[in-house]
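Chain by chain, the residues:
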Amino acid sequence: MAQKDYYAALGVSRSASDAEIKKAYRRLAKELHPDRNPGDKVAETRFKEMSAAYDVLSDATKRSLYDQYGEAGLRDGFDPSMHGAAAGFDFSDLFGGGFGARGGGGFNVSDLFGARARPPRKGSDLSAEVRVGFLESLRGHETTISYQRGQGEPKRLTVKIPAGTRDGKKMRLRGQGNEGPAGPGDLILTVRVGKHSKVWWEGDSLHLRLPISPLEAYEGAKVGVETALGSVQLKVPEGAQSGAKLRLRGKGPSMGGARSDIIVHLEVRLPKARSEAVANALRTLEEAFDSDIREAMPSLGELAKEDA
């Protein structure tokens with residue numbers, strides 16, 4: 001099978017710098033992208049070849065292996081010390097065992113190929129996911145995961161999810177990947193955080209829905225709110241409306257060393273119990289309005305006529 005020429009795929013020389021390789025990739029990616037060439041199989045094939053070439057040549061380790069050993073050097077488990085020699089064959093036997101080391105004009109077998117053999121590589125990295133609840137992600141959580149490592153039995157591992165972890169965060173666990181000649185690779189763990197009906201993130205702020213009673217909304221009140229720093233008393237102003245937002249600065253989980261803010265959304269609630277006393281109280285409340293509470297609502301019917 002013919003060897004792939006990754007340099008030719010990008011249209012650069014073997015001595016091209018990292019900047020030249022990146023520039024060539026960006027130009028070709030724009031020119032060959034499937035969105036710009038719908039249905040063009042030739043462009044689609046070239047796009048895939050160019051992308052594969054950039055994946056290798058933009059990585060210093062992969063490029064070095066490719067330059068010295070071709071595609072064989074990119075395969076998992078590749079051992080440079082065995083490249084070019086049959087199993088059980090010792091080059092020193094060819095020269096009577098007297099040329100294994102340099103010094104005094106000595107000969108090194110790596111000179112036959114113009115380069116020294118590279119040191120053994122670590123094992124390949126692995127990927128896995130862990131799912132945690134929203135509140136668990138806020139306060140930090142310890143859990144046990146199970147994943148496949150090589151051809152052996154599934155491996156179980158206890159991991160600690162830091163407080164304030166967001167959905168999609170990646171954690172690198174050193175030495176938990178596949179085994180290799182120079183030791184194991186790493187495990188790349190992606191954290192998937194569940195949703196909560198009353199708490200959510202928007203940007204760097206944590207948002208919270210807080211129920212309050214009609215009397216608390218009318219008279220104002222101090223309401224306890226549990227935060228990352230313990231319970232705090234939130235001051236609800238007189239005449240607070242459902243949907244109003246109040247900010248608790250620096251009371252949320254840590255974000256990059258600084259505490260996040262909590263945005264509290266007020267929700268005025270009515271009692272679930274039904275009685276004549278409650279109805280009479282609400283009728284009294286209804287009579288207190290001095291204007292139509294819906295007078296500012298737009299007429300969607302009029303808007304529809306205008307569009308017609």
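Attention in this report is confined to the structure presented alongside it. (Residues numbered from 1 in each chain as written. Predicted model: local features only at pLDDT ≥ 70, side-chain atom pairs only at ≥ 80, totals over all residues. Heavy atoms only, no water.)

### Side note on the overall build of the protein
Right, on to step 1. Broken down by element type, the protein carries nine helices and 13 strands.
Right, on to step 2. A total of 308 residues make up the protein; the buried ones form 29% of that total.
Right, on to step 3. Just so you have it, the protein exposes about 20,700 Å², and 51% of that area is on carbon and sulfur atoms. (Helix = DSSP H or I, 4+ residues; strand = E, 2+ residues; numbered from the N terminus. Buried < 20%, exposed > 50% of the residue type's maximum accessible area, 1.4 Å probe, protein only. Areas by Shrake-Rupley, 256 points an atom, 1.4 Å probe, with all protein chains shown as cover.)

### Quick notes on helix H4 (residues 60-69)
Given 3.6 residues per helical turn, the α-helix brings residues three or four places apart onto the same face.
Right, on to step 1. Within the sequence span of H4, burial applies to Arg63, Ser64, Leu65, Tyr66 and Tyr69.
Right, on to step 2. In the core, the buried residues of H4 are packed alongside helix H1 (6-10), helix H2 (18-32) and helix H3 (41-57).
Right, on to step 3. If you check the start of H4, you find a side-chain oxygen 3.0 Å away from the backbone N of threonine 61, and it comes from aspartate 59.
Right, on to step 4. At the exit of H4 stands glycine 70, carrying a positive phi of roughly 75°. (Contact = heavy atoms within 4.5 Å. Polar contact = N/O pair within 3.5 Å; in protein donor to acceptor, adjacent residues only side chain to side chain.)

### Regarding the environment of histidine 196
Right, on to step 1. With respect to the element layout, histidine 196 can be found in the loop between strand E5 (187-193) and strand E6 (199-202).
Right, on to step 2. For histidine 196, a relative accessible area of 32% gives the class partly exposed.
Right, on to step 3. Taking the C-alpha atoms as reference points, histidine 196 and phenylalanine 134, 62 residues apart in sequence, are found 6.1 Å from one another.
Right, on to step 4. Ignoring any residue separated from it by four or fewer positions in sequence, one finds histidine 196 in contact with Phe134 and Leu135.
Right, on to step 5. Side-chain polar atoms of histidine 196 contact the backbone nitrogen of valine 199, separated by 3.5 Å.

### Here we look at the pattern of salt bridges
Right, on to step 1. Applying the stated rule across the entire model yields 19 salt bridges.
Right, on to step 2. Its salt-bridge partner being lysine 62, residue aspartate 55 comes within 3.2 Å of it at the nearest N-O pair.
Right, on to step 3. A relative accessible area of 41% places aspartate 55 in the partly exposed class.
Right, on to step 4. Note on lysine 62: relative accessible area 28%, which makes it partly exposed.
Right, on to step 5. A network of salt bridges, in which partner residues are shared, links Asp125, Arg172, Arg174 and Asp186. (Salt bridge = Lys/Arg side-chain N within 4 Å of Asp/Glu carboxyl O.)

### A short note on the sheet that holds E6
Right, on to step 1. Overall, mixed pairing links the four strands, which are arranged E6-E7-E13-E10 in an open sheet. Both outer strands of the open sheet, E6 and strand E10 (245-248), are each paired with one neighbouring strand and no more. Looking at each pair of strands side by side, their axes are set apart by 30° on average, direction ignored.
Right, on to step 2. Taken together, the four bridges between E6 and strand E7 (residues 205-212) define a ladder with antiparallel strand orientation. For tryptophan 200, the partnering residue across the bridge sits in E7 and is histidine 207. (Pairing = 2+ DSSP bridges. Axes fitted to C-alpha atoms, helices over the stretch in contact; angles between N-to-C directions.)

### Notes on the pairing of E7
Right, on to step 1. Along E7, six of the eight residues are buried, which leaves the element largely enclosed by surrounding structure.
Right, on to step 2. Counting the residues between successive antiparallel strands, the hairpin from E6 to E7 contains two residues, one of them, glycine 203, with a positive phi of roughly 65°.
Right, on to step 3. Two strands pair when backbone bridges link them, and E7 and strand E13 (residues 262-268) are joined in this way by seven bridges, in the parallel orientation. Across the sheet, residue leucine 208 finds its bridge partner in E13, namely valine 264.

### What to know about the environment of glycine 70
Right, on to step 1. Summarising the element assignment, glycine 70 is placed in the loop between H4 and helix H5 (91-94).
Right, on to step 2. Between the C-alpha atom of glycine 70 and that of aspartate 5, which follows or precedes it by 65 residues, the distance is 8.9 Å.

### Here's the deal with the packing of aromatic side chains
Right, on to step 1. Scanning the entire structure with this criterion turns up three aromatic pairs.
Right, on to step 2. For the pair tyrosine 6 and tyrosine 66, a centre-to-centre distance of 4.8 Å together with 45° between the ring planes defines the contact as tilted. With tyrosine 6 in helix H1 and tyrosine 66 in helix H4, this pair connects stretches of sequence that are 60 residues apart. Just as tyrosine 6 is buried, tyrosine 66 falls in that class too.
Right, on to step 3. Note on tyrosine 25 and tyrosine 54: the rings are 3.9 Å apart at their centroids and 10° apart in plane angle, and the pair reads as stacked. Of this pair, tyrosine 25 sits in helix H2 while tyrosine 54 sits in helix H3, placing them 29 residues apart in sequence.
Right, on to step 4. In this structure tyrosine 25 comes out as partly exposed when scored by relative accessible area, which is 23%.
Right, on to step 5. By relative accessible area, which is 18% here, tyrosine 54 ends up buried.
Right, on to step 6. In this structure an aromatic cluster arises from ring pairing among Tyr6, Tyr7 and Tyr66. (Phe/Tyr/Trp six-rings, centres within 6.5 Å; stacked < 30°, edge-to-face > 60°.)

### Notes on a nonpolar patch on the surface
Right, on to step 1. A cluster of nonpolar side chains, contributed by Leu270, Leu282, Leu285, Phe289 and Ile293, occupies part of the molecular surface with about 490 Å² of accessible area.
Right, on to step 2. Given the relative accessible area of 44%, phenylalanine 289 is considered partly exposed. (Patch = residues over 30% accessible without salt bridge, like charges linked within 9 Å, V, L, I, M, F, W, Y side chains within 5 Å.)

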